[in-house]
Amino acid sequence: MGMKAKLKWMYWGGVSLLILVPVAIAWLGGDKSLFLPGASTHGHYQIEMACSACHKDGFGGGESLQTSCMDCHGAELKAARDSHPKSKFTDPRNADRLEMIDARYCMSCHVEHNPQVTRNMGVTLQDDFCFQCHADIAEDRPSHKGMEFVSCANGGCHNYHDNTALYEDFLLAHQNEPAIQAHPQIPATNTLEIYRAMLGYQPQALTPQAANAPDYVKVAANIEKDWGHSQHAVAGVNCNDCHLDQQSKVWINKPGQQLCAQCHQSQVDGFLEGKHGMRLAQGLSPMTPGMARQPMHTDSRDKQLSCMSCHTDHRFNVQQAAVESCMTCHNDEHTNNYKQSPHYELWKKEQAGMLPAGSGVSCASCHMPRETHKAQGKQAVTVQHNQNLNLRPNEKMIRGVCLQCHGYEFSINALADDALKLNNFNGMPKQHVESMKMVQQRQKSKSK
Amino acid sequence: MKLQDPIIVIGTGPVGVHCVQQIHRLNPQQAIILYGLESHLPYNRIKLTSLLSGKEQQPDLETPLDEIDTAVFQLKLACAVVDIDRQNKIITDSHGQQQSYSSLILATGSRPHIPNIPGVDKQGVFTLRDMDHVQALMARQIRSRRTVILGGGLLGLEAARAMQRYNTEVIVIDHLPRLMSRQLDERGSKLLTSMIYNLNIRLILGYGVTHINGDNQVKSISLRNGKEVPCDTVIIATGIQPITELARSAGLAVARGIKINELAQTSDENIYAAGECAEYNKTLYGLVAPGLEQGSVAVHNILGKKAVYKGSTEATRLKVVGKTVFSVGMVDEELLDKNFYQVIRYDHPELNLYRKLVFKRHRLVGAIGVGDWHEISRIQEAVTHQRMLMPWHKKSFEKKGFLWNRQENDDVNKWPASAIICSCKGIRRGEISGVIAQGCQSAEAVSKACGASTVCGNCRPLVERMLGDQGKTSRFPYSKPFTLLSLLIAFATVLFMLMPAIAMQESVQGFNYDELWRNGVLKQISGYSTIALAGLISIISIRKRSKRFRFLSLPVWRLLHISLSVLIVLLLLMHTGLSFGENLNQYLMLSFLAVIGGGVFSGLMHGMANRLSIGQQKWLNKSAGLHLLLAWPLPVLLSLHIFSVYYF
């Protein structure tokens, strides 16, 4: 090789290094943004820079990614009684269907970083994907004859995964219900009761004077006052319970969510799973309204989301957290119309004591619904802090939220009415979902 | 037949002939009369020693002027001009005939300088200046057993070599202690001496000749140190003497030669002088090239075209010893002021190589080369123009003996347009490129068209190299497909950049072309096919450079390259769906498009290559180089792309 050729190769090496070295430095420093092939879906964009959240092992391939999907969404799918579970497709009888869509893997339908093909619910398949396996549905169900395949999931009748409120028996059980139930009320939370059961005794309620902050911490008078009137004081939870590190006994000025989790484990878990806390869960900086893709108030764009951002210390007023906290940041039509809605009227009346507790409908009533489960041998009613759990598609809200006060048909029609959703359910639904009628007709023809 | 107001040229030597040719070239209607003292048709004086050595035959030397129409040109041989009537602008020739002139060029040349040594008039003493001398020597050559040559200059050495033709013993004698003392320095002379010695030419240096002995016939010569050297033939080559008698009798200003100004004019504005008879700025030039320059200047000024003579850089080349001995410009270190001049050498006696460069403030002003040196022509050009040289050129010279790298030199077409190729006629690279571009396809045609390589012939290899493969077959066939395919790719590429990404289909029913971008397997197929094809067509780069890999000719490779490129653009479309992607993918895509753009440019250049001049054709290589340069980041970006696809 001549000198000139050698020099050329050296130049080439130099050019290559010029590209490779900064890439390598960024990679080792944890910045892999160069490799981001496209904007992520609404579900994952907050954590797109934490590559390893999903891409756990390099060169892991599909199986590894599938594991990552299931780590976060597996429990939810199970709880939703997924109508297309993996088990259905590992059954050899369905092998031919996998040719069309390999339904064993989430990524067959939900490809990330591909905004060009991403549709509602992060689906990257065409809207009429049901056709692939159910092309002959009209033979089975003559009532479906002539229906467009795009309408399967969009018409409010079906949901690929979540079947909790969309199966025939459930519809039949809820047929002929009135628009508003006889006792439109949501259950009250019983966190204090459960807490006491956990302790096994009844701690005394504390007064502001009983605050036990160490001497070297100067506690402002209004903080003592706020705490003294809070449920924490009632439950006997003193300064040190939250502010003192359990191991080192060092005072922590601003305790994080892990301290709250000492008593509110399920709430913190939900928070970290939802859009408010998913960045914290990945070890990233807290979410701020500025990062959001939805409309937010500009003056709150730099607020950092934590437990305290909604449950303002030291009052921890859950009424405020249920409405006002949401509205400080969210600035979309649905939110801004809330205060003109009948739901808010009820909420105001409940706050004024004109209606029994649980009659009002706050933001949280729907988006952070109260759930009942067993804890400390009791029926515990806690707030689901994953605000995203019953959204997208919103039929997921019917069973856990709407039916507490409304009839089934009214609920499903209301959720199908886009205008109604925007004006925050101010009026009667104008859409009509046929599913109830179809179920009833089928029932009739069966019994004949 | 009487010509009206002709230009009269006196002297049929190279300068006289050159003047006639120049006048005719510049103005074919101009009447010309050429007077010559000799009875021979004009011939190439430079090659007389070649004739003597038997290397060339007499017809090879003739420089006939038959291409000039006799309606405007008269050649008068054996017809000396004896008088010039400047007042009436009339000359009288040796036949007593008178001829008026509009302008007169004196190219009377010189005669040998005969030193004042007793016995120089004896039989067996020869000079070597014109055809008659050579013919006499050729007769003598056969019988001579021992020839002594007086004078160790250019002519003396050439004569010595020529006289060896029939195994004659040859002795060169010079009163100076070294050979070619005007052109070489001491180191150069020393190396030349040893080379001459190896040719079995005896040298006696440092002693003058006092007597030439013998009755009628030369028997021996006596040296100043008292020694006597027996010999039967003596050739005097001790320099020249300008022929100025005619000028002197006409009352022109004459010093050692006929004095000329920067317009090549003598003291009479209608009379010009050029060649060895002329003296410019107190300098006499004993070489042909300056004479031709002066002749050209004279002709231009006579014909009303402005030209100015500023003196010549003397360049000599001696080829008799089998190796080149070359000298140009200022080389005598004793005359140089050390404060302003820098001398660098490349001295390898064991390789019979000695080279020296003289710089004045980093400008090359002189050079000596003993032993073959392929850069000579270019160095001569650099000295003539006193070109500035870069430090790395000097470094390279000190280390390897070469100023420029081999490739730069080998491609004569890459030399500066002002580089003199034919130093005799002062014809530059640009002019030769010009006549080649006009359709000259052989060295003969080039010589005929511009006169290059018609005098000493040293530059003929350069002219042949300039012609390259031209004249055989075109180096760039398939120009039409090239242009069409380039335009096709250009069109596709522009579409690529302007069109939005191809929309994904809304329905799974029917034929799904968007499977191309949804299906990982198809993506890998299109991706790897692109890489494979790109790899395949870049083999052209190896074909172009490798000495071992010669499969298919380069034009065929080029056609393959560009045809498959069309496929690559299609594959790229299949792989990306016109989407640029983001971040790394976007960079990769841009890099790819840049390479394609560079390729289109190069393709279009190659498409019209045949219409480009030799000078412009260097852009072909540059465009291909740009194409390659743009491709350089591609392997890295591609590797990162592939890595990321499998990593994540």
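Structure report, in brief. Within each chain, residue numbers correspond to sequence positions counted from 1 in written order. By the order in which they are written, chains take letters starting at A while ligands take numbers starting at 1. In view of the model being predicted, local features appear only for residues whose pLDDT reaches at least 70, and side-chain atom pairs are presented and counted only at 80 or more, with totals across whole chains, interfaces and linings using the full set of residues. As a rule here, side-chain values cover all heavy atoms of the structure and leave hydrogens and water aside.

As a further point, take the overall build of chain B. For helices the rule is a DSSP run of H or I covering at least 4 residues; for strands it is a run of E covering at least 2, with both sets numbered from the N terminus onward. Along its length, chain B carries 22 helices and 28 strands. For chain B, with 648 residues in total, the buried portion stands at 50%. Put simply, 63% of the contacts in chain B that link residues at least 6 apart link residues at least 24 apart. When a residue's accessible area, from a 1.4 Å probe over protein chains only, is under 20% of the maximum for its type it is buried; when over 50% it is exposed; and in between it is partly exposed. Two residues qualify as a contact provided that any one of their heavy atoms is within 4.5 Å of a heavy atom in the partner residue.

Here we come to the environment of S296 of chain B. All names here are of chain B. Summarising the element assignment, S296 is placed in helix α8 (residues 288-302). Judged by its relative accessible area of 16%, S296 falls in the buried class. Taking the C-alpha atoms as reference points, S296 and V308, separated by 12 residues in sequence, lie 9.7 Å from one another. Residues contacting S296, with those up to four places away along its chain left out, are H18 and Q22. In the analysis that follows, any N or O atom pair within 3.5 Å is treated as a polar contact, provided that within protein one partner can donate a hydrogen and the other can accept it, and provided that, for residues neighboring in sequence, both atoms belong to side chains. In this structure the side chain of S296 is engaged in a polar contact, spanning 2.8 Å, whose partner is the side chain of H18.

Right, let's get into the state of the cysteines. Should the sulfur atoms of two cysteines be covalently bonded, the bond is a disulfide. Cysteine sulfur pairs qualify as disulfides if the two atoms are within 2.5 Å. Under the definition given, this model contains 0 disulfides over all chains. Between C157 of chain A, a cysteine without a disulfide, and C152 of chain A, which holds the nearest cysteine sulfur, the sulfur-to-sulfur distance is 8.8 Å. Left unpaired, C440 of chain B is separated from the closest cysteine sulfur, that of C450 of chain B, by 7.3 Å.

Among the secondary structure elements, N253 of chain A is positioned in the loop between α12 (239-243) and α13 (257-260). It is 9.1 Å that separates the C-alpha atoms of N253 of chain A and V217 of chain A, two residues lying 36 residues apart in sequence.

A word on the sheet that holds strand β16 (residues 233-236) of chain B. Residue and element names in this part refer to chain B. Being paired, for any two strands, means DSSP has found at least two bridges between them. Strand order in the open sheet formed by 5 strands is β9-β16-β10-β11-β12, with parallel pairing between adjacent strands. Across the chains shown, the open sheet's two edge strands, defined by having one partner strand only, are β9 (125-127) and β12 (201-205). Averaged over neighbouring strand pairs, the angle between their axes works out to 25 degrees when direction is ignored. Sheet analysis places strand β10 (residues 146-150) next to strand β11 (residues 169-174), joined by 5 bridges and oriented parallel. Residue V148 lies in a different strand from β11, and its bridge partner there is I171. In this analysis, axes come from line fits to C-alpha atoms, helices being fitted only over the stretch in contact, and the angle between any two N-to-C directions falls in the range 0 to 180 degrees. Of the strands in this sheet, β9 and β16 are in contact with helix α4 (residues 131-143), which crosses β9 at around 140 degrees. Seen against the sheet, helix α5 (residues 154-163) touches β10, β11, β12 and β16 and runs at an angle of roughly 170 degrees to β10.

We now examine helix α17 (residues 520-537) of chain B. Residue and element names in this part refer to chain B. Given the number of residues in a helix, its expected span is that number minus one, multiplied by 1.5 Å. Look at α17: 26 Å from first C-alpha to last across 18 residues, which is about the 26 Å you get at 1.5 Å a residue. Buried within α17 are the following residues: S526, G527, T530, L533 and I537. Buried positions in α17, seen along its axis, are confined to an arc of 135 degrees and lie on one side of it. Where α17 is buried, its residues contact α18 (539-545), α19 (554-576) and α20 (583-607). By definition, the arc is the one covered by directions from the helix axis to the C-beta atoms.

Next up on the list: the sheet that holds strand β6 (residues 98-100) of chain B. The pairing of strands in a sheet comes from backbone hydrogen bonds and takes either a parallel or an antiparallel form. Residues and elements named next belong to chain B. Pairing is antiparallel across the open sheet formed by 3 strands, whose spatial order is β4-β5-β6. Bordering the open sheet on either side are β4 (81-85) and β6, each of which pairs with just one other strand. Pairs of neighbouring strands in the sheet enclose a mean axial angle of 25 degrees, with direction left out of account. The sheet contact formed by β4 and strand β5 (residues 90-93) spans 4 bridges and is antiparallel. Note that in β5 the partner of V81 across the bridge is D93.

Another aspect to go through is the pairing of strand β14 (residues 220-223) of chain B. Residues and elements named next belong to chain B. Burial along β14 is two-sided: the face carrying S220 and S222 and the face carrying I221 and L223 are both buried. When strand β13 (residues 209-213) meets β14, the two strands line up antiparallel, connected through 4 bridges. Counterpart to H211 in the pairing with β14 is S222. Hairpin geometry of β13 and β14 is characterised by an intervening segment of 6 residues between the two adjacent antiparallel strands and by a positive phi of about 135 degrees at G214. Summarising the sheet, β14 and strand β15 (residues 228-230) pair through 3 bridges and their orientation is antiparallel. Looking at β15, one finds that S220 is bridged to P230.

Surface patches are drawn from residues lacking salt bridges whose relative accessible area is over 30%; two like charges belong together within 9 Å, two nonpolar side chains (Val, Leu, Ile, Met, Phe, Trp, Tyr) within 5 Å. For the area figures, the Shrake-Rupley method with a 1.4 Å probe applies, and any residue is considered shielded solely by the protein chains shown. Think of a salt bridge as a Lys or Arg side-chain nitrogen and an Asp or Glu carboxyl oxygen that are within 4 Å of each other. A positive count includes Lys and Arg, and a negative count includes Asp and Glu. His and the chain ends are not counted in either. Charge placement uses NZ in Lys and CZ in Arg. For Asp and Glu, CG and CD serve respectively. A surface patch of like charges, here positive, comprises K4 and K8 of chain A together with K414, K544, R545, K618 and K622 of chain B. Every element with two or more residues in the positive patch is listed here: α1 (3-28) of chain A together with α18 and α21 (614-631) of chain B. Residue classification places K622 of chain B among the partly exposed residues on the basis of a relative accessible area of 46%.

Functional significance is not addressed by these values, which are geometric in nature.
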